[in-house]
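So the chains spell out like this:
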Amino acid sequence: MAFEEVNSKMVRATVTPGQRLFSQRGAMLAYQGDVSFTPNLTGGRGGVMSMIGRRVANEDTPLMTVEGSGTVFFGHGGHHVQVVHLSGDTLYVEADRLLAFEGSLEQGTMFLGSQGGVMGMVRGQVSGQGLFTTTLRGHGAVAVMAHGGVFEVPITPQRPVHVDPQAYVAHHGDVRNRLSTALGWRDMVGRGSGEAFQLELSGSGTVYVQASEEKL
């Protein structure tokens, strides 16, 4: 029941009895067959703790549970859609960039400051992004959104990657993240996140970066 890219802004998913999908509210564009859409406050397989994490992260809009038998087309706001396939690893993705994912994946929430220290706590105030990142773990497919398209940048032990926090979409692999400032505090006043802050990703994996700094 993996997602299939119809074009750069739409994916198609086959829903079968006994399996389910989760999607962002408002992501359904069209469907065929006997398919139901129900608000889900517990956030997929993450259960109550996932729900608490979403509340703390100010994600008041519930996910939609998609069940039944048929075909569903997903997209949102005309944004570019990228499909990521997981084989037992964990995907870290900005909550507002999560379009839909398979119910076989376990959802959770990670506080970015847990790896980035004090600077990680500043991220949401300056960049306009949340302090929390959604985690999806297991075997299955995830559809993420981006503004202006997505490009994948490999992360290797010899070559860490620095990303503008507002251009960050998601990453997976054995990766650590750290938020650093490229300027002094006096210089940061009135400047955008790309000029003041950099999200450093080191280790082994892949980071997905959108082609624009515009927030979804």
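How each quantity is defined
- All residue numbers here refer to positions counted from 1 along the written sequence of the relevant chain.
- It should be noted that, the model being predicted, local features are given only for residues of pLDDT at least 70 and side-chain atom pairs only at 80 or more, the latter also being counted only at that level, while totals for whole chains, interfaces and linings use all residues.
- Hydrogen atoms and water are omitted, and side-chain values are computed over all heavy atoms in the structure.
- Each Phe, Tyr or Trp ring (for Trp, its six-membered ring) is paired with any other whose centre lies within 6.5 Å, and the angle between the two planes then decides the class: stacked below 30 degrees, edge-to-face above 60, tilted in between.
- Helix and strand labels come from DSSP, where a helix needs a run of H or I of at least four residues and a strand needs a run of E of at least two; each type is numbered from the N terminus.
- To sort residues, take the accessible area from a 1.4 Å probe on protein chains only and compare it with the maximum for the residue type: under 20% means buried, over 50% means exposed, and anything in between is partly exposed.
- Polar contact is the term for a pair of N or O atoms within 3.5 Å; when the atoms are in protein, one must be able to donate a hydrogen and the other to accept it, and sequence-neighboring residues count only if both atoms are side-chain atoms.
- Here, two residues are considered to be in contact whenever any of their heavy atoms come within 4.5 Å of each other.
- At least two DSSP bridges between two strands are required for those strands to pair.
- For salt bridges, the criterion is a side-chain nitrogen of Lys or Arg within 4 Å of an Asp or Glu carboxyl oxygen.

Asks: How should the packing of aromatic side chains be read in this particular structure?
Replies: By convention here, two paired aromatic rings are described through the distance between centres and the angle between planes. Inspection of the entire model under this criterion finds three aromatic pairs. Between F3 and F74, the aromatic rings sit 6.2 Å apart at their centres with planes inclined by 75°, giving edge-to-face as the arrangement. Taken together, the positions of F3 in the segment before β1 (4-7) and F74 in strand β5 (residues 63-74) put the pair 71 residues apart, joining distant regions of the chain. Pair check on accessibility: F3 and F74 agree, each one buried.

Asks: Hey, could you run me through the side chain of Q82 in this one?
Replies: Looking at where Q82 falls in the secondary structure, it is placed in strand β6 (residues 80-93). Judged by its relative accessible area of 14%, Q82 falls in the buried class. There is a polar contact of 3.4 Å between the side chain of Q82 and the side chain of E152. With residues near it in sequence (within four places) discarded, Q82 still touches E5, V142, A143, V144, V150, E152 and Y208.

Asks: In this structure, what is going on with the pairing of strand β13 (residues 197-210)? I would like to understand it.
Replies: For a regular strand, the rule is simple: side chains alternate between the two faces of the sheet. With eleven of its 14 residues buried, β13 lies for the most part within the structure. Across six bridges, strand β10 (residues 150-155) lies against β13 in antiparallel orientation. Bridge assignment links P154 to a residue of β13, and that residue is T206. Alignment of strand β11 (residues 161-163) against β13, held across three bridges, turns out to be antiparallel. Each residue of the ladder has a partner; that of V161, found in β13, is L201.

Asks: What exactly am I supposed to notice about the side chain of Q24 here?
Replies: Positionally, Q24 belongs in the loop between β3 (20-23) and β4 (28-40). In this structure Q24 comes out as buried when scored by relative accessible area, which is 19%. Reaching out from Q24, the side chain makes a polar contact with the backbone oxygen of L98 at a distance of 3.0 Å. Leaving out residues up to four positions away in the same chain, Q24 has contacts with L63, M64, H76, A95, D96, L98, L99 and M145.

Asks: I keep staring at the pattern of salt bridges and nothing clicks. Help me out?
Replies: One side chain can pair with another of opposite charge once the charged atoms of both are near each other. Taken as a whole and assessed by the stated rule, the structure comprises two salt bridges. E4 is the partner of R12 in a salt bridge, and the nearest nitrogen-oxygen pair spans 3.0 Å. According to the relative accessible area criterion, R12 is partly exposed, its value standing at 29%. Here E4 falls in the partly exposed class, since its relative accessible area comes to 43%. Between R178 and E200 there is a salt bridge; the shortest N-O distance is 2.9 Å. One end of the pair, R178, is in strand β12 (residues 168-181); the other, E200, is in strand β13, with 22 residues separating them in the sequence. According to the relative accessible area criterion, R178 is partly exposed, its value standing at 40%. On the basis of relative accessible area, E200 is assigned to the buried category, the value being 17%.

None of this, on its own, says anything about what the molecule does.
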